[in-house]
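An overview of the molecular structure
Below are the chains, spelled out letter by letter.
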Amino acid sequence: MTDSPFGLWTQESDHAQSRRISELTGELESLHRSLQVQNRTASALRSDLASLRGSIETRLTRLSEAFDAFVELSSLRDQLSLVAGPALVRQAARARLVALGTPAGGDGPVLDVSGAPAAPGYWLADAVAALGPDDEGAAQRAAAIDLRRTATFLTVAGAACGRADLVARWAPDALGTLDATRPVTRAQRVLWLAAAEGRLGPAARTALVERLTAAVADVPDATAEEAVAAWTEQLKGVPYRGSSVASAPEVAEVRRGADGLGRLQELMTPPPAAAGTDAAGDAPADDPGPDPLVTELVDVLRALIDEGAEQESHLMARVAELEAVVTGQEAPGPPWDAATDDLLALLRADALERRDPVGDVARAACAPWVLRAADRLLATAEVPAPEVLEATAAGLTLRARAGRAEVEGTAQALARASTPPQPVTPRSLRLTAGLAAGTALLWVMTAMTRGDAQWLLVVSAFALTITVGARGMLHAVGRRNEAERAARAVAAVRREADRLLARVESVTAEIARHRHSAQESHAQVRAGLTTTPGGTATTPGPAPYGDPDGAPVAGPGDALPPATAVGVRVGEASDVVDGA
C-alpha cells in the first residue's frame, strides 16, 4: 500500500495490464497450437493425396499395360487360330492326363480323350496317343519326329500316370547326352534327380549312373586333375589357425586330411531315419508338405506341352508372357530345356554336399575322382610328426626331440639364467668405499679437533655416515633383487623345457591319433566305392512301381499304382491344365 490517495489507481492499472498481457499470451499459445494441428493435418492430407495419386497412377499404368497386352494377345490368338491342330492336340493332352490322373469314382465327370486330333508333323499328337492302350506304334512315330521331346513327355507323363513300361523304355532317351562340354538342361536335371532317387525305376537309375560315369571318363586329364584338387580342398575345409598350430603346422595338415576323410565317410554313410517316418523310410501318409521334385516334374511337363509346335513356339512363348501381364500373375518359368548348370559343378555339389541317393549316384559316377581325393587326403594325414620342436628361453634356443627325456640347450639356459649381471657397478662400489673412508677420516678429525670447528666436522661426518649407509642398503637390495630375478628366470627356463617336452609328446600322440582315424576312414571310403557291383550306390531309392523290390511290372498295359507313382498321387499330374 502507498500513502498517496492516487496510489491505488496505479496499482489497479498495473494489475489490469498484467492480466491483459497474460490473456494475450494464452491466446497466442492457443493460436500456435491450433496452427501446429492444422499443419499436421495438412501434412497428412498431402501425404494421403500423394499416396492416392501414386496408387492411381500405378493402377492406370497397370491397366494401360494390361490393355496393350490384351490387344497384342488377341492379335496373336488370331494368328494361332490358323494352326488350330496343335492347339487341339494340347487340349487333348491335358484332358488325357486329367483322365488318367483322376481316380475312379472321383468328383464330377471327366472327359477321357483316348486319341488325339490330327496334326501332321507335331510330335505331341502321337505322344498323347501312346498313353492309350490301343496304338502301340504311336510312341515310335512321335520319336521319329522329335526323340528328345517325346522321350521326356512319355517318361514324366508315364511315371505320373502309372505306365511303368513307358518309363522303363523312354527314361534313358529322356536323360539325353550328359557330358562336360554342354550344360545340363532343366528337364535333364529333374529326371536326373528322379532317377537317382529310384522314382523312375532301376533301369533309369542304371542308365543315369552309366552316362554320368562315361561323362566323367571322357573329361580331359587336365580338367580331371583340377577337379580332384578342388574336391580335395573342399573336403579339407578351412585351414586351422592359432598358437597351437603355429608351433607345429604338421598337426594342422594332419587334422585337415583326417577331417576331410571323415566328412567323405559321413557322406557315404546312410543317414538315420528321421522322426515321423516308418521302417521303410517313407513319410506318413498325412504329411501335408508338397514334394519339390514332383512339383518340378509337373512344371517341366507343363512347359513342354505349352511350348507348342515348331511353327508356333515363338508365338506361344509371347502368349504366355502377355497372359501373365493381363492376369497380373508371375511371368512363366524357364523353358523345359533351359540350361541349369555345368555337369561337373552339379556332380561336385551332389557328391560333396548331399547325403542321399542323389549324392550316392554322383559319388558312384565319380568314383575314380573320389578315390584320388581320398588318397590325397590320406597322404596329407600321413605327414610324419616333427623331429624337433624349438622354443626360446633366457635368450637361448631350446630343442626337444620325440623319444628323448632331455631338452637340448636347457643346461646353457639355466647357467645364463642363474648368473645375474652385476647389480652394482665397480665405479659405484669405489665411490661408496671412498665415501666410507672419508667418513672415517672425518670422525677421526672430529675426535682430534677442539673448538668451534668441531661442530662443523660432526655435522659433516653425520651426513657422510647417512649417505654411506643409504648406498650400502641400496647395494644390498639390488643384490637381493637380482638373486630373486635369477631364481625366477631359472624356474621359467625349467617350465619352458617341461612345456616343450610335453608339447612334443602331445604333438606326436595327436598326429598318430589323426593318422589312425584317417586310415580307417580311407579304408571305409574305398570299400564303399569298390565293393558294390557296377559302382552303383547301395542305398536304394523308394520303389516306384508297387513291387517291393522296385522291379517294373512287365507288359505294356500294366499300370503303376496311382498312390505310389513318382512318390505322389497321380492326380497331381492334372495340374498341367491349370491356367490353360
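All values reported here derive from a predicted model rather than from experimental measurement.

Definitions and cut-offs
Residues numbered from 1 in each chain as written. Predicted model: local features only at pLDDT ≥ 70, side-chain atom pairs only at ≥ 80, totals over all residues. Heavy atoms only, no water. Helix = DSSP H or I, 4+ residues; strand = E, 2+ residues; numbered from the N terminus. Buried < 20%, exposed > 50% of the residue type's maximum accessible area, 1.4 Å probe, protein only. Contact = heavy atoms within 4.5 Å. Axes fitted to C-alpha atoms, helices over the stretch in contact; angles between N-to-C directions. Parallel < 35°, antiparallel > 145°, perpendicular 65-115°, else oblique. Left-handed = near helix turned anticlockwise from the far one by under 90°. Nonpolar A, V, L, I, M, F, W, Y, C, P; charged D, E, K, R; others polar. Pairing = 2+ DSSP bridges. Polar contact = N/O pair within 3.5 Å; in protein donor to acceptor, adjacent residues only side chain to side chain. Core = buried A, V, L, I, M, F, W, Y, C linked by side-chain atoms within 4.5 Å. Expected span 1.5 Å × (residues − 1). Phe/Tyr/Trp six-rings, centres within 6.5 Å; stacked < 30°, edge-to-face > 60°. Lys NZ or Arg CZ within 6 Å of the ring centre and 35° of its normal. Salt bridge = Lys/Arg side-chain N within 4 Å of Asp/Glu carboxyl O. pLDDT = per-residue confidence, 0-100.

1. Some details on the overall build of the chain
On a plain count of helices and strands, the chain comes out with 19 helices and five strands. When the 580 residues of the chain are sorted by exposure, 36% land in the buried category. Within the chain, contacts between residues separated by at least 24 positions form 73% of all contacts whose residues are at least 6 apart in sequence.

2. Points about the packing of helix H6 (residues 164-175) against helix H8 (residues 202-217)
Where H6 meets H8, the axes come as close as 9 Å, and the angle between the chain directions of the two elements is 25°. Put simply, H6 runs roughly parallel to H8. The crossing of H6 and H8 is right-handed. The residues of H8 that touch H6, namely those facing Ala171, Pro172, Asp173 and Leu175, are Ala204, Ala207, Leu208 and Arg211. For the contact of H6 with H8, the per-class residue count stands at six nonpolar, no polar and two charged.

3. A word on the sheet that holds strand S5 (residues 407-408)
Pairing is antiparallel across the open sheet formed by three strands, whose spatial order is S3-S4-S5. Pairing within the sheet leaves two strands with one partner each, and these edge strands are strand S3 (388-393) and S5. Docked against the sheet, helix H17 (residues 410-418) engages S3, strand S4 (396-401) and S5, running at close to 150° with respect to S4. Against the sheet, helix H19 (residues 453-530) engages S3, S4 and S5, with an angle of about 160° to S3.

4. A few points about the packing of helix H7 (residues 186-196) against helix H12 (residues 292-306)
Where H7 meets H12, the closest approach of the two axes is 10 Å, and the angle between their N-to-C directions is 145°. Considering how the two elements wind past one another, H7 and H12 form a crossing that is left-handed. Here Arg186, Ala187, Val190, Leu191, Leu193 and Ala194 of H7 lie close against H12, whose contacting residues are Leu293, Glu296, Leu297, Asp299, Val300 and Ala303. Residues belonging to the contact of H7 with H12 are distributed by class as follows: nine nonpolar, no polar and three charged.

5. So, the side chain of Arg199
Within the element layout of this structure, Arg199 appears in the loop between H7 and H8. Assessed through its relative accessible area of 14%, Arg199 is described here as buried. Reaching out from Arg199, the side chain makes a polar contact with the side chain of Asp291 at a distance of 2.5 Å.

6. Structural notes on the nonpolar core
Leu124, Phe153 and Trp369 are the most contacted members of the largest nonpolar core, which totals 88 residues. In terms of residue count, the dominant contributor to this core is helix H16 (residues 367-381) (nine residues). With residues near it in sequence (within four places) discarded, Trp369 still touches Val216, Val219, Ala224, Ala227, Val228, Trp231 and Leu344. In terms of nonpolar packing, the next biggest core, distinct from the first, is built from 20 residues, Leu398, Ala413, Ala489 and Val507 among them.

7. Structural notes on helix H5 (residues 147-161)
Each full turn of the α-helix corresponds to 3.6 residues, which orients residues three or four apart in the same direction. Here H5 is 15 residues long and its end C-alpha atoms lie 20 Å apart, about the 21 Å a rise of 1.5 Å per residue gives. Burial analysis of H5 places 13 of its 15 residues in the buried class, which makes it a mostly covered element. Between a side-chain oxygen at the N-terminus of H5 and the backbone nitrogen of Arg148 the separation is 3.3 Å; the capping residue is Asp146. Of the residues trailing H5, Gly162 is marked for its positive phi of about 85°.

8. Topic: the packing of aromatic side chains
What describes a pair of aromatic rings is the distance from one ring centre to the other and the angle between the planes of the rings. Counted under the stated rule, the structure contains three aromatic pairs. Plain terms: the ring middles of Tyr122 and Trp123 are 6.2 Å apart, the flat faces sit at 75° to each other, and that makes the pair edge-to-face. A residue is classified by how much of its surface remains accessible, and Tyr122, at 4% relative accessible area, is buried. Looking at Trp123, the relative accessible area reads 5%, which means it is buried. With centroids separated by 5.8 Å and ring planes inclined at 85°, the aromatic side chains of Trp231 and Trp369 adopt a geometry described as edge-to-face. Of this pair, Trp231 sits in helix H9 (residues 221-236) while Trp369 sits in helix H16, placing them 138 residues apart in sequence. Taken individually, Trp231 and Trp369 each receive the classification buried, so the pair is uniform in this respect. Here the basic side chain of Arg169 rests over the ring of Trp170, its NZ or CZ set 3.9 Å away from the ring centre.

9. Topic: the pattern of salt bridges
On inspection of all chains with the given rule, the structure shows 21 salt bridges. In this structure, Glu233 engages Arg256 in a salt bridge whose closest nitrogen and oxygen atoms are separated by 3.4 Å. Note that Glu233 is positioned in helix H9 and Arg256 in helix H11 (residues 249-268), a separation of 23 residues in sequence. Assessed through its relative accessible area of 43%, Glu233 is described here as partly exposed. By sharing partners, the salt bridges in this structure join Glu233, Lys236, Glu253 and Arg256 into a single network.

10. Things to note about the environment of Glu496
By secondary structure assignment, the location of Glu496 is in helix H19. Once the C-alpha coordinates of Glu496 and Ala393 are considered, the two residues, 103 residues apart in sequence, prove to be 6.9 Å apart. Those residues in contact with Glu496 that sit more than four places away from it in its chain are Ala391, Thr392, Ala393 and Leu398.

11. Focus on the pairing of S4
Within a regular strand, side chains alternate between the sheet's two faces. Inspection of the sheet shows S3 paired to S4 by six bridges, in the antiparallel sense. Residue pairing across strands places Val388 opposite Arg401, the latter belonging to S4. Following S3, the chain reverses through two residues before pairing antiparallel with S4; Ala394 in that reversal takes a positive phi of roughly 55°. Sheet analysis places S4 next to S5, joined by two bridges and oriented antiparallel. If you follow Arg399 over to S5, its bridge partner there is Glu408.

12. A few points about H7
Within H7, eleven of the eleven residues are buried, which leaves the element mostly enclosed by the surrounding structure. All of the buried residues along H7 are Arg186, Ala187, Gln188, Arg189, Val190, Leu191, Trp192, Leu193, Ala194, Ala195 and Ala196. Trailing H7 by a residue or two, Gly198 shows a phi angle of about 80°, which is positive.

13. Some points on the confidence of the model for the chain
Residues with a pLDDT of 70 or more make up 68% of the chain, whose mean pLDDT is 74. Segment residues 242-246 is flagged for pLDDT under 50; beyond a separation of four residues in sequence, or across chains, it makes three contacts in the model. For residues 532-580, every residue scores under 50 in pLDDT, and the model assigns this stretch 96 contacts once sequence neighbours within four places are set aside.

14. Looking at the environment of Trp336
With respect to the secondary-structure elements, Trp336 resides in the loop between helix H13 (313-327) and strand S2 (339-341). Exposure remark for Trp336: the relative accessible area of 2% places this residue in the buried category. Residues Trp336 and Thr152, spaced 184 residues apart in sequence, show a C-alpha to C-alpha distance of 9.7 Å. Once you skip the residues sitting within four places of it in the chain, Trp336 turns out to touch Arg148, Arg149, Thr152, Arg186, Ala187, Val300, Ala303, Leu304 and Glu307. At a separation of 3.1 Å, a polar atom in the side chain of Trp336 contacts the side chain of Glu307.

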